[in-house]
Protein chains: 2
Amino acid sequence: MEEIKRVEPRTLSGFMELLPQDQIKFNEMLETIRKTYELYGFLPQETPIIESSEVLLAKAGGETEKQIYSFKKGDKDLSLRFDLTVPLAKYVAEYYNDLTFPYRRYQVGKVFRGERAQKGRYREFYQCDIDIIGDGKLSIINDAEIPSIIYTTFKNLGFSNFVIKINNRKILNGLFDELNISDKMTEILIIVDKLEKIGMDAVKEELKKLGLTDENILKIEEFLNINGTTDEKITKLKELKFSSDIFKKGLEELEEVIKYVRLFKVEEENFMVDLTIARGLDYYTGTVYETNLKGYESIGSVCSGGRYENLAGYYTKKDLPGVGISIGLTRLFYNLKELGLLTTKKKSISKVDIITMGVGLEKAVEISNILRENNIPNEIYKEESKIKAKFSYANNLEIPYTIIIGEEEIEKKMYTLKNMETGEQELLTKDGILEKLG
Amino acid sequence: MEEIKRVEPRTLSGFMELLPQDQIKFNEMLETIRKTYELYGFLPQETPIIESSEVLLAKAGGETEKQIYSFKKGDKDLSLRFDLTVPLAKYVAEYYNDLTFPYRRYQVGKVFRGERAQKGRYREFYQCDIDIIGDGKLSIINDAEIPSIIYTTFKNLGFSNFVIKINNRKILNGLFDELNISDKMTEILIIVDKLEKIGMDAVKEELKKLGLTDENILKIEEFLNINGTTDEKITKLKELKFSSDIFKKGLEELEEVIKYVRLFKVEEENFMVDLTIARGLDYYTGTVYETNLKGYESIGSVCSGGRYENLAGYYTKKDLPGVGISIGLTRLFYNLKELGLLTTKKKSISKVDIITMGVGLEKAVEISNILRENNIPNEIYKEESKIKAKFSYANNLEIPYTIIIGEEEIEKKMYTLKNMETGEQELLTKDGILEKLG
């Protein structure tokens, strides 16, 4: 291999690659999310990473399309998926006859966006999505189950200080209906969505530029300023006595969602009604969600989503309403790590490292077999190294226990178990080992 | 949405996409493989799917390169990973100073090869790899642990009829050394590797075309015909009394591996020495493995690998010997399904579907919460549908139990639990439900 031309090993910027201890934590979070989604009975789904460009870009245009990784292979135009929603729409339309509705699925997988490289922005990142798709109709109670799933997921991830913000797009739309400015709805929503970022004065300025009357701007401001507890907000919305049907429908839905969110035992401190949330794009049509970690609002929403009228209009005539959310795990992990907020339990894969001292590996293999049969992850240090090197291996990997086997242990048919954190050592029988580690 | 131009929803050929019941089975297999690898203390690794072409194709050329998905984004030449070994080599070279050796890692992920579409051949498929990488050296006992991992993995996947074939490339190389035909080693190995496919006569024909003497061809045939039990084969190899050092070294390694494979409790019926295995390419330098499902040899090896001298020669001067294996899960799953051999346990995600009859969902939410708190996956049927539709939902998804809540149940503060397989129904209290399903 003397004449090899070497290439510098490097990973592209915008692509996350972790060292083992961090990867263990990342996988633990991924597993927690999966297991929580399954606790609510969601079915696993997996769609290809590569799709036909024609299919993936059916709803083309906008910023997203520029970011998509597209290429030709042979005579095929291919693209890497940029979210898990378009593949879901394709899947439901393609296998409509084989699915049972409401179709409740989760998909956890990587998506790809060639965004400008920025701290905490990734070009290849995990999304963890759940969606419930109805065939023609879908009960509003599904919209109330979603905050319960967000709540349980973040609790299971080790968080307690978070708030799920709930709104209903029909309430916002109803406001514009009431004020006779529905023709400017999309533009207004885009402006209102920036409220938290740019503040009320700037929002009013932009609304004025859009041509709204001072009276209407004032009414929008009053509306956005509705505050108090969840129940107070709902009371104030009722007191507006708007005659718009869409407003009434939205308020009714929101009340039903809040009632069931409470029945689902989401704690009051972990959810709120936030009338300013619009979720930008014109995709959502009813309930919308955002989730913030309290005190860390600057990292943005860590779990968002909402209700949409029609999932797969670009693929099928079938009417497929749905509701769903997404957690962007790669970015969340990055932020938690930066903030020192990683709250995982697992430090290592092996629970025990088996080390021999001046004897063969036979007895090490024997106890390793027994531990594995008892479902205890373990490994044998097999290299001929100095004792110090053997123990640093276990220390570096944060393996909590070592079993030490030397001549004395072989003679006595015992094992020395060392707690690597406390340094404490005990001479134990096989059963003693199992009792201690099982 | 009237004017939408619709696109036919379809998935590219060569890309696996499963319906929910199959996806549940696939994920169960994936999870079993992961959990088994972790039982041996392997650390999780995850490398990006997209890498710089320069890095990924450092060892360029051959059939593989033609199959690679490469493309430009901006001014960057990018490629999708085509295996998990090259990314491992990059990773170990890149993070050498941060890793603890021997570095034991597993990676489970999709790789991409634009192969000609063929039944059971996929362009996007899962590989499940483990490798143990030494820093400068790596004990031969690691080579013996690998068959133990294959054995436990396939046992855990529900197989009993499989055989792990073990050979050592040094024995083959030593044979050629002994016969003074080492200059033709690579060509001969490629021919010998085809033995099972084309038969002994065709192999001899090809060796003759290569210019080997009849005497040498006869000796190779005798060697390849060595048969009997594992111990008989080793005895016969010894009786050859070859003077080649490389042959002696290979035989010594094979004996040590076999000794430890037995200590690792791999059953005799599940492994064998097969002197004909070379694993084609000139990558492997010592122990090599293949795994066949008995009676289904035609689907090829379901788990292969071996020992290599130097993992990352294209990225670093460091000497990094290793040993590893790979399971191509997508193809294995396809074959098992085709053959009717899928032996998974899980039929559904939810264990219970909660159904209401003529009452609100309040009590359904209550018992759903309790079940979830007790870690029992469940879901509520929330739509206003006919009773029949509610039960077909549970039947279609093969959910084993339903809880039925009607007026009677609410009055009595009880729940009707129905076993969907037997049709048996019982009126139970909350505690009764938990006892039955817990």
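Look a little higher up for the structure.
From a predicted model like this one, the values you see are computed outputs, not experimental measurements. (Residues numbered from 1 in each chain as written. Chains lettered and ligands numbered in written order. Predicted model: local features only at pLDDT ≥ 70, side-chain atom pairs only at ≥ 80, totals over all residues. Heavy atoms only, no water.)

Some words on the sheet that holds strand 13 (residues 378-380) of chain A
Residues and elements named next belong to chain A. Taken together, 5 strands build an open sheet; the order of strands is 13-12-14-15-16 and the sheet is mixed. This sheet does not close on itself; its edge strands, each paired only once, are strand 13 and strand 16 (425-428). Each adjacent strand pair in this sheet contributes to an overall mean axis angle of 25 degrees, direction not counted. Both strand 12 (residues 352-356) and strand 13 contribute to a ladder of 3 bridges, which runs parallel. Of the residues in strand 13, the one forming a bridge with Asp-353 is Glu-379. (Pairing = 2+ DSSP bridges. Helix = DSSP H or I, 4+ residues; strand = E, 2+ residues; numbered from the N terminus. Axes fitted to C-alpha atoms, helices over the stretch in contact; angles between N-to-C directions.)

Looking at the interface of chain A and chain B
Facing 107 residues of chain A, the contacting portion of chain B comprises 107 residues. Between chain A and chain B, a total of about 9400 Å² is buried, with carbon and sulfur atoms accounting for 58% of that surface. Interface area lost by chain A to chain B is led by Leu-39, Glu-46 and Lys-382 of chain A, which between them contribute 8%. Along the contact surface separating chain A from chain B lie 14 salt bridges. In this structure, Glu-379 of chain A engages Arg-104 of chain B in a salt bridge whose closest nitrogen and oxygen atoms are separated by 3.3 Å. Put simply, chain A and chain B have 58 residue pairs in polar contact (both at pLDDT 80 or more) between them. If one sorts the elements of the side of chain A that touches chain B by residue count, helix 1 (residues 20-39) of chain A sits on top with 8 residues. Here the residues of the side of chain A that touches chain B sort into 52 nonpolar, 22 polar and 33 charged. (Contact = heavy atoms within 4.5 Å. Buried area = accessible area lost by both parts, 1.4 Å probe. Salt bridge = Lys/Arg side-chain N within 4 Å of Asp/Glu carboxyl O. Polar contact = N/O pair within 3.5 Å; in protein donor to acceptor, adjacent residues only side chain to side chain. Nonpolar A, V, L, I, M, F, W, Y, C, P; charged D, E, K, R; others polar.)

What about helix 14 (residues 362-373) of chain B?
All names here are of chain B. Taking 1.5 Å as the rise per residue, helix 14 with 12 residues should run 16 Å; its terminal C-alpha atoms sit 17 Å apart, in good agreement. Across the 12 residues of helix 14, 9 count as buried, placing the element largely inside the fold. Within helix 14, the full set of buried residues consists of Lys-363, Ala-364, Val-365, Ile-367, Ser-368, Asn-369, Ile-370, Leu-371 and Arg-372. Positive phi appears at Asn-375, one or two residues downstream of helix 14, with a value of about 65 degrees. (Expected span 1.5 Å × (residues − 1). Buried < 20%, exposed > 50% of the residue type's maximum accessible area, 1.4 Å probe, protein only.)

Notes on the side chain of Asn-168 of chain B
All names here are of chain B. The topology assignment puts Asn-168 in strand 7 (residues 162-168). A polar atom in the side chain of Asn-168 sits 2.8 Å from the backbone nitrogen of Lys-170. Each residue touching Asn-168, except ones within four places of it in the same chain, is listed here: Gly-250, Glu-253, Leu-254, Gly-286, Thr-287 and Val-288.

Quick look at the relation of the copies chain A and chain B
Comparison of the two chain copies shows a relationship of rotation about an axis with a shift along it. With an axial shift of 0.0 Å and an RMSD of 0.0 Å, the rotation relating chain A to chain B amounts to 180 degrees. The relationship between the two copies is best expressed as a two-fold rotation axis. Measuring from the rotation axis to each C-alpha of chain A, the shortest distance belongs to Phe-71 of chain A, at 3.0 Å. (Least-squares fit on C-alpha atoms with pLDDT ≥ 70 in both.)

Side note on the sheet that holds strand 3 (residues 70-73) of chain B
Residue and element names in this part refer to chain B. If you walk across this open sheet you meet the 3 strands as 2-4-3, and the pairing is antiparallel. Of all strands in the sheet, those bounded by a partner on one side alone are strand 2 (50-52) and strand 3. Put simply, the sheet's adjacent strands are angled 40 degrees from each other on average, direction ignored. Looking at chain direction, strand 3 and strand 4 (residues 76-80) are connected through 4 bridges and run antiparallel. Opposite Ser-70, over in strand 4, you have Ser-79 as the bridge partner.

Considerations on unusual backbone geometry
Among all residues save glycine, negative phi is the norm, and among peptide bonds the norm is trans. Between Phe-101 of chain A and the following residue, Pro-102 of chain A, the backbone shows a cis peptide bond with an omega angle of -5 degrees. The residue Pro-102 of chain A is located in the loop between helix 4 (85-94) and strand 5 (103-112) in this model. Even without being a glycine, Asn-180 of chain A presents a positive backbone phi close to 60 degrees. Phi is positive for Glu-398 of chain B, close to 55 degrees, though the residue is something other than glycine. Look at Glu-398 of chain B and you get partly exposed, because its relative accessible area is 33%.

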